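Letter by letter, the chains look like this.
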Amino acid sequence: MRSRKIIGGFAPLAMLTMLAGLSACGQKGDLEPAAGQSLPVAPLGADVQPDARDLLEPETQAAPERSVELRKRSEDREDDPFDLPPE
């Protein structure tokens, strides 16, 4: 009976510890290189070295914009000259 009481008292303490640990995960701040490290060198031909914020933005090719336009009716596909039967 006593072991149940200890385990029951342990659960709220464990929950509080877990919540305290998770609360640190939401901190936001400017990113900076680790101590003793520097940002990567500027790309060839660039006038200025990009900062951490610029390096985190994906290029257009890395994250293209998507078209979410839905088709309202079916349409015939155009003839594809590369859609050949297997040989």
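Each remark here, short or long, concerns the structure printed above.
One structure accompanies this document, and this report is about it. (Residues numbered from 1 in each chain as written. Predicted model: local features only at pLDDT ≥ 70, side-chain atom pairs only at ≥ 80, totals over all residues. Heavy atoms only, no water.)

Here we look at the overall build of the protein
Each helix and strand counted, the protein has two helices and zero strands in total. Here the protein holds 87 residues, and the buried ones make up 2% of them. For the protein, the computed accessible surface area is about 9,700 Å², with 56% contributed by carbon and sulfur atoms. (Helix = DSSP H or I, 4+ residues; strand = E, 2+ residues; numbered from the N terminus. Buried < 20%, exposed > 50% of the residue type's maximum accessible area, 1.4 Å probe, protein only. Areas by Shrake-Rupley, 256 points an atom, 1.4 Å probe, with all protein chains shown as cover.)

So, a nonpolar patch on the surface
A surface patch of nonpolar side chains, about 430 Å² in accessible area, is lined by Met-15, Met-18, Leu-19 and Leu-22. For Leu-19, the location among the structural elements is in helix H1 (residues 2-23). The class for Leu-19 is exposed, based on a relative accessible area of 53%. (Patch = residues over 30% accessible without salt bridge, like charges linked within 9 Å, V, L, I, M, F, W, Y side chains within 5 Å. Salt bridge = Lys/Arg side-chain N within 4 Å of Asp/Glu carboxyl O.)

As for a negative patch on the surface
A cluster of acidic side chains, namely Glu-78, Asp-79, Asp-80 and Asp-83, defines a negative patch on the protein surface. Position of Asp-83 relative to the elements: it lies in the segment after helix H2 (52-56). Exposure remark for Asp-83: the relative accessible area of 61% places this residue in the exposed category. (Lys, Arg positive; Asp, Glu negative; His and termini not counted. Charge placed at Lys NZ, Arg CZ, Asp CG, Glu CD.)

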